[in-house]
Each structure stands twice: as C-alpha cells, then as structure tokens.
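In case you want the letters, here they are:
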Amino acid sequence: MTEQHSIVSSDELPAVHTPPGKDVAVELVGVHKWYGEFHVLKDINLRVRRGERIVICGPSGSGKSTMIRCINRLEEHQKGSIVVDGIELTNDLKRIDEIRREVGMCFQHFNLFPHLTILENCTLAPIWVRKMPKKDAEELAMHFLTKVKIPEQAHKFPGQLSGGQQQRVAIARALCMKPKIMLFDEPTSALDPEMVKEVLETMVSLAEEGMTMLCVTHEMGFARQVANRVIFMDAGQIIEMNEPEAFFSNPQHERTRLFLSQILH
Amino acid sequence: MSLTFDDGTFIRSELETPLPPPSRNLGVIGWMRENLFSSFLNGLLTLVGIALALLIFPPLIRFLFIDAVWTGENREACLGPDVGACWPFIHAKFGQLIYGFYPIAERWRPNVVFALGAILLVPLMVPSAPIKRLNSLLFFVVYPIIAFVLLTGGNINASAFLLERFGLISPLTGGATIAGVNLTFWVDFVLTALIVAAAIGALIGALGGAALSAARSTLYVFAAFGVLVMAWDVDVGLDYVETRQWGGLLVTLVIAVTGIVASLPLGIALALGRRSQMPIVRLLSVIFIEFWRGVPLITVLFFATYMLPLFLPQGANPDALLRALVGVALFSAAYMAEVVRGGLQAISKGQYEGAMAMGLTWSQMMRLIILPQALTLVIPGIVNSFISLFKDTTLVLIVSIFDFLGQLRASFTDPNWASPVTLYTGFAFAGIVYFFFCFGMSRYSLFVERRLNTSHRR
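Residues numbered from 1 in each chain as written. Chains lettered and ligands numbered in written order. Predicted model: local features only at pLDDT ≥ 70, side-chain atom pairs only at ≥ 80, totals over all residues. Heavy atoms only, no water.

Enquirer: Sorry if this is basic, but what is going on with the side chain of S62 of chain A here?
Expert: Residues and elements named next belong to chain A. Along the chain, S62 turns up in the loop between β3 (53–57) and α2 (64–71). Judged by relative accessible area, which is 0%, S62 ranks as buried. Looking at S62, its side chain comes within polar contact range of the main-chain oxygen of P59, at 2.7 Å. With residues near it in sequence (within four places) discarded, S62 still touches V40, M233, D234, A235, G236 and Q237. (Helix = DSSP H or I, 4+ residues; strand = E, 2+ residues; numbered from the N terminus. Buried < 20%, exposed > 50% of the residue type's maximum accessible area, 1.4 Å probe, protein only. Polar contact = N/O pair within 3.5 Å; in protein donor to acceptor, adjacent residues only side chain to side chain. Contact = heavy atoms within 4.5 Å.)

If you want it as structure tokens, here you go:
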C-alpha cells in the first residue's frame, strides 16, 4: 500500500508518506475504492493541513464526491489508509463515530430532518452525541443560526424554508458539533441561481475564520476567492492540483484545460 | 392600465393588486356547484347517492328506533307484526355480552380494569395533557400487571422455572414456602438467571464484544421478569378466576389490546431485522415473517390450542387464552413488520447519511430520525392492521373462547328470547359496538397523521 505509484497525482505531492504531524487534518495515502468491478478511486494521495481550504472539481462521475465521503466513512475505501485528525479510519465503529464527531458535512440536497424544527435539527447531535444539556445546545444553535443569518426561522420546519435557507441551516447544524473539518458535497448545485450567493457568502465567512474545508463545487469564483489549493479529478484520480491562481491561469494537464474551457466563459 | 405595447416589448409600470375570486365559487350555491354538480357525471352520482341514502336510512332508523321495543321481560314483548329492534333482549343479556361467564360477584374487577384503562389511555391520546412519560410508563408497564392480577386474581403459584423441571432444585430447598411464595422457584430463577447471563457474556466475549455489559443487560431482563412474576405470585386475597370463565367484550378487548400493544414493537424490531446488514438476523426475520404470513390465523389458533399440548412435556399446559394471545400477537407482528418495512423503504438515503455524518449511533439514528418519519408515513397501514386485528379476534371462537360475538351467538340459543327480530337486533348491536371501536381508531389515526405531518406544513 505504501509503494509509490507513478501517476501524476503522486508526483505532485512532496513527502506524502511521512507520519502525519500535528498540523495535518486529513491524510489519504494510496486510497483505492471499487463499486463491484468499477474502479472509482485510483490511488488517491492527499494531505490537507489544518486551516487549509481545498476545492475539488471535475466532471460528474469522476469520484470527487466519493473521495470526500470516504473521509467520514459514508463510503468505505478498500485499499490504502485515511487518517483524519490523527485517527486512522478502520472498521472499528468507535473510531468511525469519533471521526464523525469531528467532521461536519453539508450535502447537495441538505438532508435536513423534515420532522424536526430548524432548532431541533441543530440541537439533536449536540444533545445526543456530545451529551450537552438542552438549554446550552439551544443557545449554541441560536448562535450559529444567527451567524448564518436566519435566527428568526428557528421554530419553523425545513419544508417551510427556501433552498438557500435550508442549506444555511445545514451548515449551522454541522457547525453546532464544533467540527474541526468541514466537508461540502456540491452545496450549491441544487439551488436556484439567486440563492447560490447567500450560501457561498456563509461558506466564505467560515473560511475566513480558519475552518479546514474540503469543498466539492463548481463555483470557480468561490475557489479563486478562498481556496488554498484546487484539485481537478477525472476518472477516479487526481489529475492536477495547484494554487488557484496557477490552476486557473496556467493549467498543465490537457484534460484540465478542456474542463476549464467548458465551465469558464 | 399600464400596458405599453411597442413592437412586442413590454414593461410593467405598476404591479397588479390581488382581486377576490369569481363569485360562483363562494357561498352555498358555489360550494354545491363545485363539490356536488361539477360535471354531468358528478351530478348523476350525487343523485344516485341521495337515492341510496333514502333507500337505506329511513328503514334503518325505523327498525332501530321508531318501531323498536324498549321494555319487556321476555320474548312476548318482541312478538307481533311490524316489530323493530328488540332492545330488552340486549338489556337482559348485557352482562353476559360484556363479561361472559365471569362470576357476577367479581364483575367489579373487570370494571376497575376498564375504568383504569380509560383513565390512563385518554390523557395519553390528548397531545396537550402533561406528564406523558409517567403516563406511558403507567399504561404500558404498570397497568398490564395490575390488570393481570385483577382479572385472574394473581397468585400464580410459580413452582418451577427451568432447572426444577429436571428436578434439580427441590432436593436443596425441600419445597419450603415463605409467605405463600415457593422458595424452590426463586432459587431456580436466580440460578438460571446467573447461568444464562454468564453464558451470554461468555458468548459475546468470545465473539469479541463487550462481555460484561451483555451479561449485565441479561441480568436486567431477568430482574424485570422477576419483578413481574413476583407481582403475579403474591397472594392479594382475590379469588382465582380461570380464563375459561372470561368472555364477551372483556375477551375481545384483552386480545385486541394485547395484540396491538405487543405487535407494534415486535413488528418494528422484525422490520429492522429484515433490513439489517447482518445476514443471520436478516434471515431469521425473513423466516419468522414469512412463516406467520404464510399460515392462516385459524390454523395458528387451532395448532396452539389442540396440537401444542401434544408436543409439550406433561404438566406444562399453558392457559388456553394465553396461547391464543401469543398466537394473535405473533401473527399480527409479522403483518406489522411488513407495514413498517414499507415506511422504512420510503425514507431517502440522504436522511441516513445526514444522521450518520453527525456522529449518531445506529440506534440513535433509527430512534430519532428514521423511525419517527417512517412510522408517520405508514400510520394508515398500521391502523389498518389494528382494525383488522380487532375484528379478527372473533376467530378465537373456533378454539372455544367466547369473545363478544361468540357470547352474542350463544345468547341467541336462549328460548326465553326466541323471536323473529332477536337475531337482527343482536347483530345490529354487535355492528354498532364494533363500529364504535373501529371508527374511533380510524378517526384518531387521521388526527395523529395530520398532527405529525410537519414535512409539508406551509
């Protein structure tokens, strides 16, 4: 598992096999995954430092969602190692729960719980997972709902909110667990154009506070503004990884150039 | 207005104000036009419906009320031409229809059970009533124990649990009793509990699980069961009334309520088992569900009553009503499991992922996120099962347990009340009683459904 693979992705990563230091939030080494016969992730090597913001883009079916879903074990990888916040992901349920407590996630379709109010959505995990008293959890939830600018909706149900508002609730819900790392899986692709902005603003303010973030998104303006690194994936592998300025102005790989020419106008 | 047409372009200069809807949709005429006569076919159906109602209801009301006989001592009152319902018959047989052959001097005991049930159930069903937790504890845990003691008289004389069945304990204790409680049973019980807990702990430990906590939970289960048996074993000074003497609405309600209360949690557990990732759990659940769905209830009851004693060791002869109860509960649990599974399948994968990503454990995820939504979705199906279970209880008639309908049919044979209208009156009364319970359940389920429907509340 630790042998060097001679593909582009590995070449770009210096010293990826040194033991994870304290400043490493997420480290993927030689990660492979198959869906049946289909090889979805091929030798993924990625190290994310604390406070670093990574934007992952690529065509659909390129494995970008699968990759970040492996980080909190919504998907299981079959080869290689994933270390999150110093804990290696194995089949041990305790470790998985421990990692999930530290990793927040926002989904394309929000995945709010429709039978609970906005406030209950936010307090659920702090109360049941962190064993926080109800009153403290509600205070915390109101704090984060204020931060995403919808405290007045706290007692409504998700079905009564617009898509943009729901996604901001989903961000607040994840933040209530005080995560060290946030994963975003295409948070704006199910939203009306007018609502994309409000969600992106929330994510930018989160980035400015130094949250470690991995975002699968095609919002290239967002990538330019906040990302430390942009990753381009295709066919289950990392094709190119660079700082946003260099990535956009001077893409190295042919496939990246083709992709960028299609989404940037 | 502000229309400014100029070769196909258009710019609005002021916004339209909302207007009231056209008057034909308002008032009684508007309502009738919309709901009763919206098209030729609908108008025709409305007329047919009115004709049917005119055909059915006047004779029914005449039979039940206008031509009905209200007082009388025997069949003489209900003879003669154009006589409607014979209500004195119901009045004379009322006690039998409610209590069966329960001793008349002891009828206060079922009455207390009925009253206590109603007192505990009503606040449980009203959402605004306080102390729900205590209330449900009383209804689901304390009430069944009290009901059992009151109805049977308690004092079950527990003499052997497991080891004593092989004659291992009585040589040690010599059959001593303390305050009417058999020492042999309790020594047997405690020893069995310890052995089983140790065995389960060892098994779980060998499989790499938490041995100590498994053993501890086993002991908790045994302790709860011990308290139950203790409560039933204490002599409270009530006469013993064997279940053979029970009957009427009492039996109907005992079977239906036990079946309903037992089948829901059992059905949920089976549904979760059938969707489990663990092959053995899934296989066992599938076998259980398909077995009970594959056999008719009559076969189950018949088997439990007449064939089970042939297989059991001599002396072990569980009560006939108990056997029917277990049969009905397991039977309806299998149906309930499939209803609940339907609800579980309707919950999107995103809900599971949302819950897992927050770090909830499997049981928290099921209890807090998945089941509340799944059960709300299948309330119509659940209540459907409850209603059909309530009506199916009458099948216990074939194993000589006389439920409400059984008692009614038995009372038809009384020559004192033999009249042309006795049969009609009896079945009309039975229909009203069953309708009262089933329609009640149906309406209450609609209320709950509307109350829990938060997902699309606008």
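There's more to say after this.
Enquirer: In this structure, what is going on with the sheet that holds strand β4 (residues 79–84) of chain A? I would like to understand it.
Expert: Sheet strands associate in pairs through backbone hydrogen bonding, adopting either a parallel or an antiparallel arrangement. Taken in spatial order, the four strands line up as β2-β1-β4-β5 (chain A) in an open sheet, and their pairing is antiparallel. A single partner strand is all that each edge strand has here, and the edge strands are β2 (38–49) and β5 (87–88) of chain A. (Pairing = 2+ DSSP bridges.)

Enquirer: Explain the pairing of β3 of chain A here, please?
Expert: All names here are of chain A. The buried fraction of β3 amounts to five of the five residues, a majority that puts the element mostly inside the structure. The alternating pattern of β3 places R53, V55 and C57 on one face and I54 and I56 on the opposite face, and all of these are buried. Alignment of β3 against strand β8 (residues 212–216), held across four bridges, turns out to be parallel. What sits directly across from I54, in β8, is L214. Where β3 and strand β9 (residues 229–234) come together, four bridges link them in parallel fashion. Counted as the bridge partner of C57 is F232 from β9.

Enquirer: How do you make sense of the interface of chain A and chain B when you look at a structure like this?
Expert: Many authors give the size of an interface as the accessible area that is lost as the parts come together. Contact residues are listed per partner, giving 24 residues for chain A and 22 residues for chain B. On inspection of chain A and its partner chain B, the count reaches one salt bridge. Salt-bridge contacts for R69 of chain A lead to E353 of chain B; the nearest nitrogen and oxygen are separated by 2.5 Å. Put simply, chain A and chain B have six residue pairs in polar contact (both at pLDDT 80 or more) between them. Looking at the side of chain A that touches chain B, the element that brings in the most residues is helix α4 (residues 118–128) of chain A, giving three residues. (Salt bridge = Lys/Arg side-chain N within 4 Å of Asp/Glu carboxyl O.)

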